[in-house]
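# Structural features, examined
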Amino acid sequence: MTTAVVLTLHGVAPDNKTIAGQDVSAAKYTITRSTLIEIANLLKARKSCPLEAFVDDTFDGNTILTFDDGLISDYSEAFPVLQDKGIKATFFITTENVGKPGYMNQSQIIELARYGMEIASHGLQHRYLVNLSESDARREIQDSKETLQQLLGKPVTSFAPVGGHYMSWMIGFSRDVGYRAFATMIPGRTFNSRSDDLLVVRRNHIQSHHRSPYISSLAAGDSFLLARNQIRYSLLSVPKRILGLDSYDRLKRILTGSEPH
Ligand SMILES: [Zn+2]
């Protein structure tokens, strides 16, 4: 059995700047370049690998870095830092946003893959799968995989549902269409016992207000912190179920100014 702490990042802004075109609420998930450098230094000291290598057991990484949404800053800000530190990460791409303003284009994604970054799927249109018909949700999971595979000429084996929201059949369907990792937003440590064809992955969200001591404790797999975050996540799942995701998000937007991720 191997274990890893998987971290989730979104946009990376040049220090003292916000990403052009990004709205205020998205800034909640944007970290600065210097914070990314601090994280990269932590990961350099610990072992790190893309999710696919951890799942395949070809590399026993302690900490795994994942980036959601395929934002242009993955290429312009994060890629140079990761190259400099020799870190391979996983990038979850929303396929229909590829090439749109604010997002990476095809050649940038191919360049990441050539360097050894894992290119993974975040669906077609960045929609909550639980709000879609079953056939639309299946298309989001399967068609995005095929689109990326055509672009890269290699299998795409990791999938992350938008917002980490899913129904249990989606795990089975993802396994059936050839995914090996299903990345949730449930916080905690991920154990790979290699007992299933598909690994359900826990991920720990890094937000702009998180500071180095918190991030280093998280990356080091601090049991108290991981347990606290798991409890918080479980408590929030109650209003999500009662209100439904759309009303929950509206309430969350009013209270915190945050957007789905
Ligand atoms: Zn997202």
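Chains are numbered independently. Their residues run from 1 in the order of the written sequence. Local features in a predicted model are, by the rule used here, given only for residues with pLDDT of at least 70; side-chain atom pairs are given and counted only at 80 or more, and totals for whole chains, interfaces and linings are based on all residues. Note that the side-chain values use all heavy atoms of the structure and ignore hydrogens as well as water.

## Points about the overall build of the protein chain
Worth spelling out the cut-off: Here a strand is any run of E in DSSP of at least two residues, a helix any run of H or I of at least four, and the numbering for each starts at the N terminus. The cut-offs for exposure are 20% and 50% of the maximum accessible area for each residue type, with area from a 1.4 Å probe on protein chains only; residues under the lower value are buried, those over the upper are exposed, and the others partly exposed. Contact criterion: two residues are considered in contact whenever any of their non-hydrogen atoms come within 4.5 Å of each other. The protein chains shown are the only cover counted for residues, whose accessible areas, like all others here, come from Shrake-Rupley with a 1.4 Å probe.
Along the backbone of the protein chain there are nine helices and 11 strands. Burial status across the protein chain gives 48% buried among its 261 residues. Relative to all contacts within the protein chain whose residues are 6 or more apart in sequence, the contacts with residues 24 or more apart total 65%. Approximately 11,700 Å² of the protein chain is accessible, and the part contributed by carbon and sulfur atoms is 50%.

## Topic: the coordination of the zinc ion
For clarity, the threshold we go by: Ligating atoms shown are N, O and S within 2.8 Å of the metal, or 3.2 Å for Na, K and Ca, and water is not included, meaning a site may look less than complete.
Distances from the zinc ion to its protein donors, D69 (OD), H122 (NE2) and H126 (NE2), fall at 2.1 Å. Sequence positions of the residues that donate to the zinc ion give the spacing D-x52-H-x3-H. Taken as a pair, D69 in strand β4 (residues 63–69) and H122 in the loop between β6 (118–121) and α5 (134–152) lie far apart in primary sequence, 53 residues in all. Considered together, D69 and H122 belong to a single accessibility category, that of buried residues.

## Here we look at the side chain of S73
The cut-off we apply is this: Whenever a nitrogen or oxygen atom comes within 3.5 Å of another N or O atom, the pair is scored as a polar contact, on the condition that within protein one atom can donate a hydrogen and the other can accept it, and that pairs from neighbouring residues in sequence are kept only if both atoms are in side chains.
Within the fold, S73 resides in helix α3 (residues 72–85). Within the local environment of S73, its side chain forms a polar contact with the backbone nitrogen of V12, the two atoms lying 3.0 Å apart.

## Quick notes on empty space enclosed by the protein
Here is the rule: Grid spacing is 1 Å over the protein atoms alone, the probe is 1.4 Å, and a cavity is where that probe fits but cannot get out, while a pocket is an open set with protein on both sides within 12 Å along at least five of seven lines and lining residues have an atom within 4 Å of a point. Grid points are joined across faces, edges and corners, and a volume is the space filled by probe spheres set on the points. Classification used: nonpolar for Ala, Val, Leu, Ile, Met, Phe, Trp, Tyr, Cys and Pro, charged for Asp, Glu, Lys and Arg, polar for all others including Gly.
Overall, the coordinates contain one cavity of 30 Å³ or more when judged by the stated rule. Space inside the largest cavity adds up to approximately 50 Å³. Around the largest cavity sit E52, A113, M117, E118, I119, L152, K154, P155, V156 and T157, which together line it. Of the residues that constitute the lining of the largest cavity, the class distribution is six nonpolar, one polar and three charged.

By themselves, these observations are geometric and do not establish any function.
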